[in-house]
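Residue strings, one per chain:
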Amino acid sequence: MNFELPPDLVSYLKDLDEFIDKEITPLQESNDNQRFFDHRREDARTNWAAGGTPTEEWEELLIEARRRADKAGFYRFSLPKKYGGSEGSSLWMAVIREHLAAKGLGLFNDLQNEASVVGNFPVVEMFLQFGNEDQKRQFIWGQLNGHVLMTFGLTEPHHGSDATYLETAAVRHGRVGQAGWLINGQKMWQTGQHRATHCIVFARTAGKAGASSGITAFIVPANSEGVHIESYQWTFNMPTDHATTSFTDVWVPNTAILGQLNQGLSVAQCFVHENRIRQAASSLGAANYCVRESIEYAKSRKPFGRPLIYNQAIQFPLVRLATQIEMLRLLIYKTAWQMDRTEKSRIEEVLTDRIAMCNYWANALCCEAADRAIQVHGAIGYSRHKPFEHIYRHHRRYRITEGSEEIQMRRIGAKLASLNQSGRKFEAKPKL
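Residues numbered from 1 in each chain as written. Predicted model: local features only at pLDDT ≥ 70, side-chain atom pairs only at ≥ 80, totals over all residues. Heavy atoms only, no water.

An unreviewed UniProt entry annotates the protein chain as Acyl-CoA dehydrogenase/oxidase C-terminal domain-containing protein originating from Talaromyces amestolkiae. UniProt, in the comment section headed Sequence similarities (unreviewed entry), describes the protein chain in these words: "Belongs to the acyl-CoA dehydrogenase family." According to its UniProt record, the protein chain has this under Cofactor (unreviewed entry): "FAD". (UniProt positions renumbered as here; feature names shortened; annotations may be inferred.)

As structure tokens, then:
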């Protein structure tokens, strides 16, 4: 067994760092753009008068960073060559995501907005797996060119983790001689709704509440009659682009269906699996950053005449975190490596428990590491002049999104007990 990173991956990381130093860091340091990353970051990023949504200047800066990364050939790394990518593997993406997050806060990798010089494309992955050729042409290229922005509408005001009980429903309804559907319901946490051109809406089209089949994914234009933004949810980490959106008699044609009729949960699983392993890698990198910064600070800080690092009360919590980081890295790398060797259609069956292990443990570990960094740094660690409160507030979200850590643990427990999540004997495709 060889645990060393491949030489070409090491070289890629070096090229990536050089690009960041040459193109992205100067952009961040120009025109007082540093206000988006120093102690002013939350206020600078937030348009408080517009529902707490991101400021135009902040989003324009993210777009410019993405444009430069795309021009340099880094942004589409994970995508197929057909779409300008390098067909980057899950293992490479995990290593890259960890590497960038371990560098701390910066324009090169702002996780609050899922913005990075090496893009994460869970929605594109959905269309690669489930879209027809017309949909791929319109929505994959549209997203890459910046003309299309899509929200992901699974969660509802009264239904979060229990996705099979969603109340949003679609019924067959023809219009002007064209077969289609009328959609009614509400979705919550519609990230990016303020700029969205389309919403992917999951609605029950058949079967009873709680059934894993009978749910369909629809592509709904955001400007459709009957689509209304009810509110934006102000969150622990501002700004917010998380909308509660209602759909009242919204009509779409049959061509708006993504994937197979009544099999929409397969589409949703594709989205969350891609995100879970990459979230885990990002949390790992951020945790490592917090620990390394704490060690360096404890070496330099000398209360009562000697460095803090000599005190076991400082050492031992950091030792525990450093040990867990090393073990977690091996699990994430191994799981990503296994994903690369498993047919995408079988990842749910074969690796769902491993992906869940990576995700729930990494996100919790990052929060613990950020909290410890605040404690080691003392009052200055609690201030916004250090990045730890921002890291904590952002990664605390990951313990809920893409399936809460309790749901992740439930998946692991079900697999260990050879049961599906309803308590019955494990099936090839367990419910969400």
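Draft legend 1. Molecular detail of the overall build of the protein chain. Counting secondary structure elements, the protein chain contains 12 helices and 12 strands. Relative to the compact-globule value of 22 Å for 432 residues, the protein chain shows a C-alpha radius of gyration of 22 Å, a close match. Considered along the principal axes of its C-alpha atoms, the protein chain spans approximately 80 × 55 × 40 Å. A total of 432 residues make up the protein chain; the buried ones form 54% of that total. In the protein chain, 68% of the contacts between residues at least 6 apart in sequence involve partners at least 24 apart. Taken together, the 51 basic and 48 acidic charged side chains of the protein chain have centroids lying 4 Å from each other. (Helix = DSSP H or I, 4+ residues; strand = E, 2+ residues; numbered from the N terminus. Rg over C-alpha atoms; globule rule 2.2 N^0.38 Å. Buried < 20%, exposed > 50% of the residue type's maximum accessible area, 1.4 Å probe, protein only. Contact = heavy atoms within 4.5 Å. Lys, Arg positive; Asp, Glu negative; His and termini not counted. Charge placed at Lys NZ, Arg CZ, Asp CG, Glu CD.)

Draft legend 2. A look at empty space enclosed by the protein. Under the criterion given, the structure shown has two cavities of 30 Å³ or more. Its volume calculated, the largest cavity comes out at about 130 Å³. As for the largest cavity, its lining consists of 13 residues, and the residues nearest its centre are Leu 105, Asn 109, Leu 111, Ile 391 and His 395. Within the residue set of the lining of the largest cavity, elements represented by two or more residues are strand 3 (109–110), helix 7 (264–300) and helix 11 (388–398). It is helix 11 that provides the largest number of residues to the lining of the largest cavity, a total of four residues. A class-by-class count of the residues in the lining of the largest cavity yields six nonpolar, six polar and one charged. Shared between two domains, the lining of the largest cavity takes at least three residues from each, and those domains are domain 1 (7–120) and domain 3 (265–422). (1 Å grid on protein atoms, 1.4 Å probe; cavity = no way out; pocket = protein on both sides within 12 Å on 5 of 7 lines; lining within 4 Å. Points joined across faces, edges and corners; volume = space filled by probe spheres on them. Nonpolar A, V, L, I, M, F, W, Y, C, P; charged D, E, K, R; others polar. Domains from an automatic or database assignment.)

Draft legend 3. Structural context of the UniProt feature "domain: Acyl-CoA oxidase/dehydrogenase middle" (unreviewed entry) in the protein chain. Residues annotated in UniProt with the feature "domain: Acyl-CoA oxidase/dehydrogenase middle" (unreviewed entry) correspond here to residues 152–249. Taken as a whole, residues 152–249 contains 0% helix and 47% strand, while its terminal C-alpha atoms sit 19 Å from one another.

Draft legend 4. The UniProt feature "domain: Acyl-CoA dehydrogenase/oxidase C-terminal" (unreviewed entry) in the protein chain, seen in detail. The UniProt record annotates "domain: Acyl-CoA dehydrogenase/oxidase C-terminal" (unreviewed entry) at residues 262–416. Helix makes up 80% of residues 262–416 and strand makes up 0%, while its end C-alpha atoms are separated by 29 Å.

Draft legend 5. Inspection of the packing of aromatic side chains at higher detail. The full count for this structure, using the stated rule, is 16 aromatic pairs. With 5.5 Å between their ring centres and 55° between their planes, Trp 48 and Trp 234 make a pair best called tilted. Taken as a pair, Trp 48 in the loop between strand 1 (46–47) and strand 2 (53–54) and Trp 234 in the loop between strand 10 (227–232) and strand 11 (242–253) lie far apart in primary sequence, 186 residues in all. Assessed through its relative accessible area of 36%, Trp 48 is described here as partly exposed. (Phe/Tyr/Trp six-rings, centres within 6.5 Å; stacked < 30°, edge-to-face > 60°.)

Draft legend 6. Expanded view of the pairing of strand 9 (residues 215–221). The buried count for strand 9 comes to six of seven residues, which makes it a mostly enclosed element. The pairing of strand 8 (residues 198–204) with strand 9 spans seven bridges and is classified as antiparallel. For Phe 202, the partnering residue across the bridge sits in strand 9 and is Ala 217. Here strand 9 runs beside strand 12 (residues 257–258); their pairing, made up of two bridges, is antiparallel. (Pairing = 2+ DSSP bridges.)

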